[in-house]
Amino acid sequence: MIKTLPILLFALFTSLSGCAQDYSLAPPADSEQMTITVKVPEELEAETLQAMYRSTTCKRVSRGASGERVERDGHHAIKVQLQQQGVSDLYQVKLPMDGGGACKWHLANVTFGVAYIDPTRFGENVTYGAGGGVVVIFDHNNSPRGGADFNVDGDLTIKKDYYPWISEAFIGGYRKQVSLAGEGYIYLMYQALQARQVYFEPVLHSGFVVNSKGNKVHKVGQYITFTYPDGSTERDGSYQPNFRKLQAIRHAAEANE
């Protein structure tokens, strides 16, 4: 039922309106629900979920390079906070698949994920970088971040490993960030046309930290240096840690325990 939606989502539904035409979202009471659930590790927090609704009825009109009229599906992007389920580590939101209204909106895609609650635990002035994100597409359009890397049938369950990645950059000003190094770079991208349940469980391996340092001056042939939890280093032109190597280091360490 729509009454299960967070108050914030109600406010967004009632405030998104245009001038010449009513563009508001008005989900019917019997709309199917999309349930997004995230199991959040202790050191992390659930980021604000972004949902996009599309409409083939209310078009966005622009002009091409030659002045021709170009029509695209209309869209509304809204932000929703996932709600903690009791005192558990599960955070959840329910979204109507049918956005309703005069534009006949439908839920097209969602973007959500996890991030460090307190990046400064890794040092003064450390900020959060990237990683730990998920995009799920529910129709045949690309998301704002591109198309899917994986296609799934039915409901979607995602359980992935992540490692703390502390990076230092010097060119253009000193920056130190902590990111979540995982199988993808920033986002895991899925298309799930039949899904009505999406479950995401990031598994954080806090004891296996990878560090990287950029160059202090730009010079051809000099690359970022990565230092892995076993003390080994790599400088092969990569811009992110070698995830398979991180997995191998952890598995070897666990096997020796």
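What you see is a predicted model; the values in this text were computed from it and never measured. (Residues numbered from 1 in each chain as written. Predicted model: local features only at pLDDT ≥ 70, side-chain atom pairs only at ≥ 80, totals over all residues. Heavy atoms only, no water.)

**Comments concerning helix 2 (residues 243-255)**
For clarity, the cut-off: We count a stretch as a helix when DSSP gives it H or I for four or more residues in a row; a strand needs E for two or more, and each element gets its number in order from the N terminus. Helices are assigned an expected span. That span is 1.5 Å times one less than the residue count. Between buried and exposed lies partly exposed: a residue is buried under 20% and exposed over 50% of the maximum accessible area for its type, with that area taken using a 1.4 Å probe on protein chains only. This arc is built from the directions going out from the helix axis to the C-beta atoms. What makes two residues a contact is simply this: any of their non-hydrogen atoms within 4.5 Å.
For helix 2, with 13 residues, the first-to-last C-alpha span of 18 Å sits near the 18 Å given by 1.5 Å per residue. Every buried residue belonging to helix 2 is among Phe243, Leu246, Gln247, Ile249 and Arg250, and all of these are buried. For helix 2, the angular spread of buried residues about the axis comes to 165 degrees, placing them on one side. Exposed positions of helix 2 whose direction lies more than 90 degrees from the buried face are Arg244 and Ala255. As for helix 2, its buried residues are in contact with strand 12 (156-169), strand 13 (175-181) and strand 16 (210-213).

**A look at the nonpolar core**
To be explicit about the condition: Among buried residues, the Ala, Val, Leu, Ile, Met, Phe, Trp, Tyr and Cys ones that are joined through side-chain atoms within 4.5 Å form a nonpolar core.
Counting 44 residues, the largest nonpolar core has Leu49, Leu95, Leu107, Val110, Phe112 and Val136 as the members making the most contacts within it. Of the residues forming this core, the biggest block, 7 residues, is contributed by strand 8 (residues 105-116). Sequence-distant contacts of phenylalanine 112, defined by excluding residues within four places in its chain, comprise Ile36, Val38, Leu49, Gly132, Gly133, Val134, Val136, Val198 and Phe200. One finds Tyr163, Ala181, Val210 and Phe243 within the second-largest nonpolar core, a separate group that totals 10 residues.

**A word on the confidence of the model for the chain**
In plain terms, the rule: pLDDT expresses how confident the predictor is about each individual residue, on a scale running from 0 to 100.
The share of residues in the chain with pLDDT of 70 or more is 92%, and the mean pLDDT across the chain is 89. Contacts of residues 6-20 to residues separated by more than four positions or lying in other chains number 32 contacts, the stretch itself having pLDDT below 50.

**Considerations on the pattern of salt bridges**
What counts here: The term salt bridge refers to a pairing of a side-chain nitrogen on Lys or Arg with a carboxyl oxygen on Asp or Glu at a separation within 4 Å.
All chains considered together, the criterion is met by 10 salt bridges. Of the charged contacts, one joins arginine 250 and aspartate 161 as a salt bridge, the two residues approaching to 3.3 Å between their closest N and O atoms. Of this pair, arginine 250 sits in helix 2 while aspartate 161 sits in strand 12; the two residues are 89 residues apart in sequence, bridging distant segments of the chain. With relative accessibility at 19%, the residue aspartate 161 sits in the buried group. A single network of salt bridges, built from pairs that share partners, joins Asp161, Arg250 and Glu254.

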